[in-house]
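# Structural description and commentary
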Amino acid sequence: GAIEAYSGAIALRPDSMLAYLRRGQTYQRRGDRGDLEAAARDFRTAAALDPTATRPLEALGDALYQLQRYERAEEAYEKCLRLDDRSPRVTYRLALARYRRHDIDGALAALADAVRLDDRMADAHYLRGLCLREKRRPTEAVQAIQRATAIEPAMIAAREELADLYGAI
């Protein structure tokens, strides 16, 4: 029903960025591949309608990430950050897309920015630890993952990774 309502709003006002954004978010919530493709199309249209808006670009990056198009997701996040470079969440997602593309140095650079913007982001510290482990820097990896577990003690994946690191050391 929501998709039909937003489609009706788009038919009445085809220049409505918000209608495309909301319809894209609705498609994205449904989550199957076809819906994610439709969401990405709507987010691209919303971004074209308002080139100064960050939300459509962030949402486009998220949809492309879910579609495992990491390079395209990275491009969307970078465009978003060119408009507003103060978002630790988008900076972290950029790092995650780079990590998935096996660009560890790029991921570490983005993570440095994310942590600078919000030092309490446990996921960023955890991902930094994973990157450092891949760079064969286990002592620094342990420190990063310890920071993640200090911020979020219930983060099971970080605790498991920490145990693996201790075992490797």
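Residues numbered from 1 in each chain as written. Predicted model: local features only at pLDDT ≥ 70, side-chain atom pairs only at ≥ 80, totals over all residues. Heavy atoms only, no water.

### So, the environment of L127
Note the following rule: Each helix corresponds to a stretch of at least 4 residues labelled H or I by DSSP, and each strand to a stretch of at least 2 residues labelled E; elements are numbered beginning at the N terminus. The buried label applies to any residue whose accessible area, calculated with a 1.4 Å probe on protein chains only, is under 20% of its type's maximum; exposed applies above 50%, and partly exposed to all values in between. By definition in these notes, contact holds between two residues if any of their heavy atoms fall within 4.5 Å.
By secondary structure assignment, the location of L127 is in helix 8 (residues 122–134). Among the residues examined, L127 registers a relative accessible area of 3% and is labelled buried. On a C-alpha basis, the gap between L127 and L108 in space is 8.7 Å, while along the polypeptide they are 19 residues apart. If we ignore the near neighbours within four places in the chain, the residues touching L127 are Y92, A95, L96, Y99 and L111.

### Observations regarding the pattern of salt bridges
Under the convention used in this document: Salt bridge, as applied in this entry: a Lys or Arg side-chain nitrogen positioned within 4 Å of an Asp or Glu carboxyl oxygen.
The final tally for this structure, using the stated rule, is 18 salt bridges. Measuring nitrogen to oxygen at the nearest pair gives 2.6 Å for the salt bridge that ties E58 to R93. On the criterion of sequence distance, the pair formed by E58 in helix 4 (residues 55–66) and R93 in helix 6 (residues 88–100) is long-range, its members being 35 residues apart. Across the salt bridge formed by D103 and R101, the nearest N and O atoms sit 3.7 Å from each other. Given a relative accessible area of 25%, D103 falls into the partly exposed group.

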